[in-house]
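Observations on the model geometry
The lines below spell out each chain.
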Amino acid sequence: MKTPLQEKIGLFESSFGDGAGKRFALVSGIHGDELDGLYLSYHLARFLREWESAGKSIRGQVSLIPVANPLATAATERFWPFGQIDVNRCFPGTNGTAADPPPQGEGASHVWAGALFEHLKGFDLVVDVHSSNLFLRECPQIRVLNRYRAVAETYADHTNVDVVWVHDAPTVIETTLSCNLNAAGVPTLVVEMGVGLRIQKEFVEIVFQGVLSLLQKLGILSGALPPAPPSRPIYATDQNVRYLNSESGGFFVPDISVGFKVEQGQRIGRILDALSGEVKEDVASRWNGYLFTIRAHPIVYPGSLMARVIEIA
Amino acid sequence: MSARPETILSIELPFNENLAFYAFTFGAGDPEVAITSGFYGDEYNGLYVCHKLIGFLSEVTEGRAAGWRLKGRVKIFPALNPLGTMAHRRYWPFDQRDINLSFPGVSMGETTERIAAAVLASLRDCRSCIDLCCGSRFFEELPHIRLYESIAMPDESALSFNLPIVWRRHSTPLLTGSLAHNLNLRGVPTFVLKFGGTDRIDPLFCERVYEGILNYFVASGVLEKRAGTGPAAPAAESPWPLPGRIIWPKDVLSVLSPAAGLFVAAAALGCRLERGALIGHIVDPVGGGRIAEVSAPAPGLLFSLRSNPVLYAGSLIARLAG
Ligand SMILES: [Zn+2]
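Below is a short write-up of the structure. Along each chain, residues carry numbers from 1 onward, in the same order as the chain's sequence is written. Here chains are named by letter from A upward and ligands by number from 1 upward, in the order in which they appear as written. Thresholds applied to this predicted model are a pLDDT of at least 70 for local features of residues and 80 or more for the giving and counting of side-chain atom pairs; totals over whole chains, interfaces and linings are not thresholded and use all residues. Remark: hydrogens and water are excluded; side-chain values derive from all non-hydrogen atoms of the structure.

A word on the environment of P254 of chain A
Residue and element names in this part refer to chain A. Strands are runs of DSSP state E lasting at least 2 residues, helices are runs of H or I lasting at least 4, and numbering of each runs from the N terminus. With respect to the helices and strands, P254 occurs in strand β10 (residues 250-254). C-alpha of P254 to C-alpha of R270: the two residues are 16 residues apart in sequence and 6.4 Å apart in space. Setting aside anything within four residues of it in sequence, one finds P254 in contact with I268, G269 and I294. Contact definition: two residues touch when any of their heavy atoms are within 4.5 Å.

Laid out in structure tokens, this is it:
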């Protein structure tokens, strides 16, 4: 895409494989402040290069699109910087002609989304990697709309994550990349992990192993790879996901990270008052279950989301 | 001061302060009409119109506006993103969420959801709502009304605002979180008034909108004007032909940029353009040349015009009502 200064911003992709097989794409950075996908893509590119130079075959195609919103990533912003538009609310996008105007306001982000969407339509499996936002830390997990649950069930055991969240969605989700690809018949998994503007190495390592086993499942990689043990993720649904919200404003200091079992009453952190030195609130799980989200941003308003727990009876 | 300021919500900030959200009610009868404004902290036209309305309605309720009587109630929410207005941020400054996409809200949820829930609860008795806003920050808008959704909407009441265009728009998935959509669902018609641009006050547009709202108050039986009473403000020549027109999506022509560059407008908002009339030029800011000429693809009234000059290919430049 040409910029107003007549330079170009490109959607860069690196591809591996012989083309004679299934096509897999890894996309990340649609939200420019989510960076784990960069590190994941680096690992995969390195692995695939070494795989190829060792003379082993890559059947089909592996495409890596690590910086799907380059202007935002360059500006350390989450959204399309010009107008603060969430690109993941712009799909299926437009082709930029008068016959296909953007549904609202500024058009460039919709044109960008349209190009990305068209490009990904021919793939057999797409993984869209996200790193939460600045506020919440997520353990590696798959997210999928209830109506595409079958996609998760087909692939989730080969993703090495602990949690699959099958959710019903507000209408606004209709405008995401994953929803539009799934609707177009391209199986798409959303992976969430970590927190915005940081790289969480151990989470990236987990998802990296997951992508390798997906590539085995698709028949793209085979041969000398150690067989990946199938993971048995916990399914989170709107029935068993519990939300823990703060009652007071202040700043939050967590006791623990994310991605393990908690017990009812177990403290996960405290909301503190800087002026008085007092503890305003002990934040404790109200359920036995699996803590898969915890607050990362210290500043807390009353009602801020502090944690999400999958209740396990 | 006969306005009754009511705190609809007080939010405990993280560092021992409280932030209050106010509504002002005038009159005690029925029906109740609500005015919402200031969801976006970089928009000031709505604040100015609220200032004028609050001033006038105070005079009416105090008996200082001869010939005018308030029969119903008017509830005004002038600044629904006070932190954003203070900090010059369009959205809720802390997490950049759009309050006007947070409806119906959650009373014990995140801050923006609490604001939405408090506003909706506070609107439970209103019969219609007028939401005052500018366009996006890239555009200036000729004053017009947007009606979302396909609920039955008496055209006369929308036309009684004396604005040139009433645009009946399909809702998009994104707009399902808007106040207008959620009130419409509850059977409360909501008139979204778009006028002017961000980061400034457009006095002429504000004047028209203010007079239009008073006209709507009279038409909907909220406000009574004794025969022979002059208008609230001097009736200037209307800058556009009245009555206004109801337009549908098929009547709206979006003019998109064919190329990236810098947009320099040649036409003015409110012009009636012939087919092929010049709207502006796209120039190359570094190379010095002209990249493209932008002209009207069909005749129409120019009612949205890009004010921010930075264009990508596919950027929206203008909207015409054909
Ligand atoms: Zn994301």
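Observations concerning the nonpolar core
We define the nonpolar core as a collection of buried residues of types Ala, Val, Leu, Ile, Met, Phe, Trp, Tyr and Cys that are connected through side-chain atoms lying within 4.5 Å of one another. Relative accessibility thresholds used throughout: buried, under 20% of the residue-type maximum; exposed, over 50%; partly exposed, between the two (1.4 Å probe, protein chains only). Core analysis: the biggest nonpolar cluster contains 64 residues, and F24, L26, L40 and V62 of chain A have the highest contact counts within it. Sorting elements by how many residues they give to this core places helix α6 (residues 201-217) of chain A first, with 8 residues. Taken domain by domain, this core gets at least three of its residues from each of domain 1 (14-235) and domain 2 (240-311) of chain A. When sequence neighbours within four positions are dropped, the list of residues in contact with L26 of chain A reads L40, S41, L44, S63, L64, I65, V127, V129 and V211 of chain A. In this structure, V60, L142, C206 and L302 of chain B belong to the second largest nonpolar core, which totals 62 residues. Segment limits for the domains were obtained from an automatic or database-derived domain assignment.

Considerations on empty space enclosed by the protein
Whether a set of points on the 1 Å grid over the protein atoms alone is a cavity depends on a 1.4 Å probe fitting there but being unable to get out, while an open set qualifies as a pocket with protein on both sides within 12 Å along at least five of seven lines; lining residues are those with an atom within 4 Å of a point. Grid points are joined across faces, edges and corners, and a volume is the space filled by probe spheres set on the points. Counted by the stated rule, this structure contains 2 cavities of 30 Å³ or more. Looking at the largest cavity, its volume works out to about 50 Å³. If you go around the largest cavity, the residues you meet are V127, I142, T159, V161, L189, V191, V207, G210, V211 and L214 of chain A. The greatest single-element share of the lining of the largest cavity, amounting to 4 residues, is contributed by α6 of chain A. Tallied by class, residues from the lining of the largest cavity come to 8 nonpolar, 2 polar and no charged. Forming the boundary of the second largest cavity are S37, G38, E43, N45, G46, L47, L132, C133 and C134 of chain B. At the level of secondary structure, the elements contributing two or more residues to the lining of the second largest cavity comprise α1 (45-61) and β6 (128-133) of chain B. Looking at the lining of the second largest cavity element by element, the count peaks at 3 residues for α1 of chain B. Residue polarity follows a fixed list, in which Ala, Val, Leu, Ile, Met, Phe, Trp, Tyr, Cys and Pro are nonpolar, Asp, Glu, Lys and Arg are charged, and the others, Gly among them, are polar. In the lining of the second largest cavity, the residues fall into 4 nonpolar, 4 polar and 1 charged.

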